[in-house]
Amino acid sequence: MINTFIGLIAFALSAVAILVLRPLCHKIGHVDHPGGRKAHSLATPLCGGVAIALTVMLLGIGMVPSRQFAGFAFGITVLLVLGALDDRKHVPAPVRLALQTLAVGAGMCFFGEVYLQNLGAIFGAEDFELGGHAIWFSIFAAVGIINAVNMVDGMDGLAGGFSVMIVATILALAAGTSAVNVVLLCVTLGSLLGFLAFNLRMPWQKHARIFLGDAGSLVLGFILTWFTIQAAQGPHAVIEPITAVWLFGLPLADTVYLMVSRVMRGKSPLAADSYHFHHLLQRLGLSPGWALYVWLAVAGAFMGTGLVTQGLGVSESARCAVFMVVFACYCLATNALWARVRQRVAAPAV
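These numbers come from a predicted model, not from an experiment.

Visitor: I would appreciate a short explanation of the packing of helix 4 (residues 93-111) against helix 8 (residues 213-232) in the present structure.
Guide: Helix-helix packing: each pair is described by the crossing angle between the helix axes and the interaxial distance. Interhelical geometry of helix 4 versus helix 8 gives an angle of 35° and a closest axis separation of 12 Å. By crossing handedness, the relation of helix 4 to helix 8 is classed as right-handed. On helix 8, the residues that touch Arg96, Gln100, Ala103, Val104, Gly107 and Met108 of helix 4 are Asp214, Leu218, Phe222, Thr225, Trp226 and Ile229.

Visitor: Looking at this structure, I do not really get the pattern of salt bridges. What am I missing?
Guide: Opposite charge on two side chains permits pairing when their charged atoms draw close. The final tally for this structure, using the stated rule, is four salt bridges. In this structure, the salt-bridge partner of Glu240 is Arg319, at a minimum N-O distance of 2.4 Å. Residue Glu240 is found in the loop between helix 8 and helix 9 (241-247), and its partner Arg319 is found in helix 13 (residues 316-346); the two are separated by 79 residues along the sequence. What emerges from the salt-bridge pattern is a single network uniting Asp86, Arg96 and Asp214.

Visitor: Sorry if this is basic, but what is going on with the confidence of the model for the chain here?
Guide: Keep in mind that low pLDDT regions are not for reading the predicted coordinates in detail. Averaged over every residue, the pLDDT of the chain is 90; the share at 70 or more is 96%. Per-element averaging of pLDDT across the chain places strand 1 (residues 31-32) at the bottom with 82 and helix 9 at the top with 96.

Visitor: Looking at this structure, how should I read the packing of helix 2 (residues 48-60) against helix 7 (residues 182-199)?
Guide: Packing of helix 2 against helix 7 leaves a shortest axis separation of 9 Å and a crossing angle of 155°. Overall, the two elements helix 2 and helix 7 adopt an arrangement that is roughly antiparallel. For helix 2 against helix 7, the interelement crossing comes out right-handed. Across the interface between the two elements, Gly48, Ile52, Thr55, Val56, Leu59 and Gly60 from helix 2 touch Leu184, Val187, Thr188, Ser191, Leu192 and Phe195 from helix 7. Residues belonging to the contact of helix 2 with helix 7 are distributed by class as follows: seven nonpolar, five polar and no charged.

Visitor: Got a minute to help me understand the environment of Pro23 in this structure?
Guide: Among the structural elements, Pro23 can be located in helix 1 (residues 2-28). Residue Pro23 is classed as partly exposed on the basis of its relative accessible area, which comes to 49%. Spatially, the C-alpha atoms of Pro23 and Pro45 are 8.2 Å apart, while their sequence positions differ by 22 residues.

Visitor: Explanation requested: the state of the cysteines in the structure shown.
Guide: Two cysteines, two sulfur atoms, one covalent bond between them: this is a disulfide. Inspection of every chain in the model, using the stated rule, returns zero disulfides. Unpaired in this structure, Cys25 has its nearest cysteine sulfur neighbour in Cys47, at a distance of 4.5 Å. Cysteine Cys329 remains unbridged, with the sulfur of Cys331 as its closest cysteine sulfur at 9.3 Å.

Visitor: Just checking my understanding: could you explain the side chain of Ser14 for this structure?
Guide: Relative to the assigned elements, Ser14 resides in helix 1. Judged by relative accessible area, Ser14 falls into the buried class, the value being 0%. If we ignore the near neighbours within four places in the chain, the residues touching Ser14 are Ala51, Thr55, Ser191, Gly194 and Phe195.

Thresholds, definitions, all that
Residues numbered from 1 in each chain as written. Predicted model: local features only at pLDDT ≥ 70, side-chain atom pairs only at ≥ 80, totals over all residues. Heavy atoms only, no water. Axes fitted to C-alpha atoms, helices over the stretch in contact; angles between N-to-C directions. Helix = DSSP H or I, 4+ residues; strand = E, 2+ residues; numbered from the N terminus. Left-handed = near helix turned anticlockwise from the far one by under 90°. Contact = heavy atoms within 4.5 Å. Salt bridge = Lys/Arg side-chain N within 4 Å of Asp/Glu carboxyl O. pLDDT = per-residue confidence, 0-100. Parallel < 35°, antiparallel > 145°, perpendicular 65-115°, else oblique. Nonpolar A, V, L, I, M, F, W, Y, C, P; charged D, E, K, R; others polar. Buried < 20%, exposed > 50% of the residue type's maximum accessible area, 1.4 Å probe, protein only. Disulfide = S-S within 2.5 Å.

In structure tokens:
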């Protein structure tokens, strides 16, 4: 009951923060203007991420050990500043990666002491211990997930909806355990729902009134990675490491596929384009609303597969192999669908 109350407070605080920040963003020009690859038609404030970060940090004070919360807040702050700068003026990729590494290395791994210690029994019967490679591998994995979540943020409700699915899943599994700070999870869930109230398209809301911005998507990637690693490590873990991979299955598959395809097209793997899975769904004729639902359904299928196979006791090595097969099928299916789109575009009008 108390956790529900805390979640409602977070929802209200997030909504109030958005209502205060929206006119301020318009005043200082911190908005996303339409044009280019962007589908929206109005200048939209980029205050969603700031509202979520402020809500989580203000309500989160005192809910986790001081050193750990210091790391949590430090990582969020670094990525919030990085994202805000990138929203105003493009930040070079090396600088982005350096600051993301700082946020994860110092905030998550050093101060927060949240990092991958083992990868589970993905190569046999025994857990694969990372030992002296734990920190650098954790930084590599966390930065990868942060950027995968950042790439997801390309359509109203997408990054926020996906984040709600992850947080709600971990919250349901961790309730009654000490694997993750449940109160902080409730705060995060409430703040996300407060954001989605202004970001989702509704019958009474024909377009998003605010966006996350890079500040928001980077912060969300950090928070989701923090909770997921906590949930998958230590004696109180509620998910296996390979299950964590399944939870992020669609964003990871989409990101890896995109980066490889960009390189094959002679472009930088970090270059922006319109070849994400949500772009494909819309190019196939789905409306933005239906594209959102289908994307979340596919992401949910990845999550459900990971959770169900863990519950059934399927070995981690088998689940790792199955994930690789599913990833290969995703790449083949995506290639085939893009080929269909290109054929449709190239076909002469009758």
